[in-house]
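Reading the structure
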Amino acid sequence: MPTAPEQNDDAARGAAPDAPVIEFRDVGKRYGDNVVLDGLDFSVRKGDRVTLIGPSGSGKTTILRLVMTLEDATEGYIFVDGEPLTHEERNGRRVELNKKQRKRIRQKIGMVFQQFNLFPNMTVLENIVEAPLHVLGHPRAEVLERAGNLLEKVGLADKADAHPSSLSGGQQQRVAIARALAMDPEILLLDEVTSALDPEIVGEVLGILRTIAEETDITMLLVTHEMQFAKDVSNRVLMFDGGRIIEEAEPEAMFSNPTHERTKSFLRAVLGEDQIGTR
Ligand SMILES: Nc1ncnc2c1ncn2[C@@H]1O[C@H](COP(=O)(O)OP(=O)(O)OP(=O)(O)O)[C@@H](O)[C@H]1O
Ligand SMILES: [Mg+2]
């Protein structure tokens with residue numbers, strides 16, 4: 001029986017049970033003539049912790065922003081839990097889905113940014129409860145209890161009524177992590193979350209993320225220059241260059257024994273000469 005396009009929505013487009021949590025299929029992203037991502041294929045399974053590495057401008061942030069629907073791909077398809085995120089193929093054509101679809105799927109995803117991006121006019125607590133209350137519509141008492149637990153978890157129970165501007169960078173980033181977790185996300189996107197922090201407080205933020213990685217099965221896609229952290233929490237590393245994946249390996253293999261020349265030179269620059277190929 002033919003399905004009317006109007007019906008081709010939530011229920012009809014049920015998630016495939018065995019689908020990867022995130023799948024990129026032939027994804028391209030251009031800004032004018034600048035090809036940022038080029039025929040990109042990869043998938044992330046439930047509970048995977050995938051680190052994206054690669055030179056500046058290789059498209060790492062763009063990938064996270066596409067998953068978060070802060071940008072749209074210019075070609076190809078992205079699936080979350082087997083469901084198309086922004087576009088799908090219909091009768092051989094690439095068709096944009098309605099905005100409801102991306103909004104619904106985005107609720108499964110949390111993102112933490114390099115620059116924290118907290119709402120400056122709201123208190124710490126308000127930052128955390130805003131989306132669970134007003135996007136998910138969860139009951140206030142439940143949301144407040146969860147927010148309290150999360151603030152404990154990130155060590156900021158005494159800062160609930162503070163405004164972001166009165167907090168240190170490390171504290172702001174811990175609020176941003178709590179805010180992302182308050183949505184109970186299935187997927188957590190982390191874009192260089194320690195790059196804007198003073199070296200002595202990088203550890204406190206990474207420590208919290210390590211605990212989250214250990215205690216939850218949240219699927220993580222992360223961009224970081226903290227290679228030890230990447231080694232500790234991730235099970236796969238993807239090396240990007242020129243908008244494509246040029247090498248993929250488990251962290252141990254990638255960092256100690258990369259095979260691609262470009263990966264070797266990149267890691268030499270990041271890790272230092274003596275760390276590569278010593279095994
Ligand atoms: N809004 C935009 N408009 C135009 N070009 C953009 C935009 N956002 C990103 N780009 C370009 O896309 C390319 C990839 O950028 P992206 O931020 O994804 O790189 P990256 O790998 O995250 O780099 P870095 O390690 O420096 O953060 C760059 O050439 C960048 O100039
Ligand atoms: Mg970036």
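Bear in mind the structure is a predicted one, so any value in this text is a computation, not a measurement.

Description of the UniProt feature "domain: ABC transporter" (unreviewed entry) in the protein chain
In this numbering, the UniProt entry assigns the feature "domain: ABC transporter" (unreviewed entry) to residues 22-267. The straight-line gap between the two end C-alpha atoms of residues 22-267 is 26 Å; of that span, 37% is helix and 28% is strand.

Let's talk about the nonpolar core
Grouped together as the largest cluster of nonpolar side chains are 68 residues, with contacts concentrated most on V67, A178, L189 and L221. When residues in this core are grouped by element, the largest group, six residues, is from helix α5 (residues 169-181).

Examining the sheet that holds strand β5 (residues 83-84)
Strand order in this open sheet of four strands is β2-β1-β4-β5, and the pairing throughout is antiparallel. The sheet is open, and its two edges are formed by β2 (34-44) and β5, each paired on a single side. The sheet contact formed by strand β1 (residues 22-31) and β2 spans seven bridges and is antiparallel. Within the sheet, the bridge partner assigned to V27 lies in β2 and is L40. Sitting on the sheet, helix α1 (residues 60-67) is in contact with β1, β2 and β4 (75-80), with an inclination near 115° to β1.

Details of the site of ligand 1
In the region of ligand 1, the neighbouring residues are Y31, N34, V36, G54, S56, G57, S58, G59, K60, T61 and T62. Looking at the shell around ligand 1, the elements that each hand over two or more residues are β2 and α1. Across the shell around ligand 1, the residue classes break down as two nonpolar, eight polar and one charged.

A word on the pairing of strand β10 (residues 219-223)
Burial analysis of β10 places five of its five residues in the buried class, which makes it a mostly covered element. Along β10, one buried face is formed by T219, L221 and V223 and the opposite face, lined by M220 and L222, is buried too. Sheet topology places strand β3 (residues 49-53) next to β10; four bridges connect them, and they run parallel. Looking across to β10, one finds that T51 is bridged to L222. As judged from the five bridges shared by strand β9 (residues 187-191) and β10, these two strands associate in the parallel manner.

Observations regarding the pairing of β3
Most of β3 is tucked away, with five of its five residues classed as buried. Side chains R49, T51 and I53 of β3 all project onto a buried face; the interleaved residues V50 and L52 project onto the opposite face, where all are buried too. One ladder, built from four bridges, connects β3 with strand β11 (residues 236-241); its direction is parallel. Counterpart to T51 in the pairing with β11 is V237.

Basis of the calculations
- One numbering rule holds for all chains: residues counted from 1, following each sequence as written.
- Starting at A for chains and at 1 for ligands, labels are handed out in the order in which the entities are written.
- Where totals are concerned, whole chains, interfaces and linings use all residues; where local detail is concerned, this predicted model gives features only for residues with pLDDT of at least 70, and gives and counts side-chain atom pairs only at 80 or more.
- UniProt positions are given in the numbering used here, feature names are shortened, and annotations may be inferred rather than shown by experiment.
- For the purposes of this entry, the term helix denotes a DSSP run of H or I that reaches at least four residues, the term strand denotes a run of E that reaches at least two, and both are numbered from the N terminus.
- Think of a nonpolar core as buried Ala, Val, Leu, Ile, Met, Phe, Trp, Tyr and Cys residues, each tied to the set through C-beta atoms within 7 Å.
- Any residue surrounded by 20 or more other C-beta atoms within 10 Å of its C-beta is treated as buried, while 12 or fewer makes it exposed and the intermediate range makes it partly exposed; C-beta atoms here are placed from the backbone.
- Strands are labelled as partners when DSSP assigns at least two bridges between them.
- Any residue pair is listed as a contact if its two C-beta atoms, each placed from the backbone, are within 7 Å.
- Interaxial angles span 0 to 180 degrees and are taken between N-to-C directions of axes, which are lines fitted to C-alpha atoms, for helices over the stretch in contact.
- Here, nearness means that the C-beta atom of a residue, built from backbone geometry, sits within 6 Å of the molecule or strand in question.
- Amino acids are sorted into nonpolar (Ala, Val, Leu, Ile, Met, Phe, Trp, Tyr, Cys and Pro), charged (Asp, Glu, Lys and Arg) and polar (every other residue, Gly among them).

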